Amino acid sequence: NAGVMQNPRHLVRRRGQEARLRCSPMKGHSHVYWYRQLPEEGLKFMVYLQKENIIDESGMPKERFSAEFPKEGPSILRIQQVVRGDSAAYFCASSPPRGQVYEEQYFGPGTRLTVT
Amino acid sequence: TQLLEQSPQFLSIQEGENLTVYCNSSSVFSSLQWYRQEPGEGPVLLVTVVTGGEVKKLKRLTFQFGDARKDSSLHITAAQPGDTGLYLCAAYNQGGKLIFGQGTELSVKP
């Protein structure tokens with residue numbers, strides 16, 4: 001059973017370009033979460049999605065950032081007009097449908113974005 | 001704001017030594033999870049503790065959830081270089097988001 005897959009693993013963008021990060025959840029998982037990790041800030045929640053729905057985007061900056069999880073295909077985290085402060089590791093996690101008090105999230109290997 | 005505070009932040013020990021990592025909060029959680037992250041990789045789930053006072057063992061790792069479900073500890077017996085990594089505790093906050101502690105960076109020297 002393949003785990004959560006993310007690509008690319010490394011992405012270099014110049015200031016002002018767009019970054020697209022992709023995430024394929026584990027088989028059978030319909031819930032996807034995106035996190036950002038900075039050395040000085042730790043791992044921070046950005047957005048929670050189900051197929052075709054954004055459930056909670058309270059951790060995502062209002063401008064330049066967007067996320068989707070279409071009916072077919074991977075979840076996409078899109079950053080427009082990147083700035084140096086966007087340089088970070090972005091992790092995707094997935095979980096099975098929420099039905100328990102606690103849900104175990106399984107993380108992908110991350111995409112390391114460097115903005116030059 | 002519900003926060004998870006981990007200590008120590010950094011830990012450097014010799015192979016064979018024992019160590020304990022702490023995760024504390026002023027909030028009560030229904031469950032708590034421990035992850036281990038290696039450089040360049042994503043966090044890997046080690047365990048979920050659910051019941052106050054619960055103790056779970058994973059080979060040389062022992063996880064404990066406090067009676068009041070506000071804190072947790074991770075104890076490693078006879079640490080090995082392969083245990084080196086970032087250990088993170090995590091729990092769901094009242095808003096349903098998974099929040100993480102800052103992590104404990106463990107280095108085990110041969």
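Presented here is an overview of the structure given in this document.

Conventions we followed
Sequence order as written defines the numbering, with residues in each chain counted from 1. The lettering of chains begins at A and the numbering of ligands begins at 1, in the order of writing. Selection of residues for local features in this predicted model requires a pLDDT of at least 70, selection of side-chain atom pairs for listing and counting requires 80 or more, and totals for whole chains, interfaces and linings are taken over all residues. Side-chain measures were taken over the full set of non-hydrogen atoms in the model, leaving aside hydrogen atoms and water. Pairing between strands requires that DSSP locate at least two bridges from one strand to the other. Strands here are runs of E lasting at least two residues and helices are runs of H or I lasting at least four, both read from the DSSP assignment and numbered beginning at the N terminus. For helices, the fitted line uses only the C-alpha atoms of the stretch in contact; every axis is such a line through C-alpha atoms, and the angle between N-to-C directions lies from 0 to 180 degrees. The rule is simple: take the accessible area with a 1.4 Å probe, protein chains only, and divide by the maximum for that residue type; under 20% is buried, over 50% is exposed, in between is partly exposed. Within 6.5 Å between ring centres, the rings of Phe, Tyr and Trp (the latter by its six-membered ring) count as paired, and their orientation is classed by plane angle as stacked under 30 degrees, edge-to-face over 60, tilted in between. Residue contacts are counted whenever heavy atoms from the two residues lie within 4.5 Å of one another. Here the quantity called buried area is the accessible surface, traced with a 1.4 Å probe, that two parts lose on coming together, added over both. The salt bridge definition used is simple: a Lys or Arg side-chain nitrogen within 4 Å of an Asp or Glu carboxyl oxygen. Note on residue classes: Ala, Val, Leu, Ile, Met, Phe, Trp, Tyr, Cys and Pro are nonpolar, Asp, Glu, Lys and Arg are charged, and everything else, Gly too, is polar.

**Some thoughts on the sheet that holds strand S3 (residues 19-24) of chain A**
Residues and elements named next belong to chain A. Taken in spatial order, the four strands line up as S1-S3-S8-S7 in an open sheet, and their pairing is antiparallel. Taken across any chain shown, the strands that pair with only one partner, and hence form the sheet edges, are strand S1 (5-7) and strand S7 (65-68). Sheet twist, expressed as the mean angle between neighbouring strand axes with direction ignored, is 15°.

**Let's talk about the pairing of strand S8 (residues 75-79) of chain A**
Of all five residues in S8 of chain A, four are buried, a share of seventy percent or more. Linkage of S7 of chain A to S8 of chain A, two consecutive antiparallel strands, is achieved through a turn of six residues, within which Gly 73 of chain A is found at a positive phi near 100°.

**Observations regarding the packing of aromatic side chains**
Under the definition given, this model contains eight aromatic pairs over all chains. Centroid distance Tyr 35 of chain A to Phe 107 of chain A: 5.3 Å. Interplanar angle 45°. Geometry classified as tilted. With Tyr 35 of chain A in strand S4 (residues 31-38) and Phe 107 of chain A in strand S10 (residues 106-107), the pair connects residues that are 72 residues apart, well separated along the chain. Note on accessibility: Tyr 35 of chain A and Phe 107 of chain A belong to one class, buried. These aromatic residues form a ring-pair network of at least three members: Tyr 35, Phe 45 and Phe 107 of chain A together with Tyr 35 and Phe 100 of chain B.

**A short note on the interface of chain A and chain B**
Contacts between chain A and chain B engage 22 residues on the former and 20 residues on the latter. Contact between chain A and chain B buries roughly 1,600 Å² in total, counting both sides, with carbon and sulfur atoms accounting for 51%. Taken together, the connections running from chain A to chain B amount to two salt bridges. Note that Arg 9 of chain A is salt-bridged to Glu 41 of chain B, the shortest N-O span being 3.6 Å. Contributing elements (two or more residues each) for the side of chain A that touches chain B: S4, strand S5 (42-50) and S10 of chain A. Taken together, the residues of the side of chain A that touches chain B sort by class into nine nonpolar, five polar and eight charged.

On their own, these measurements won't tell you what the molecule is for.
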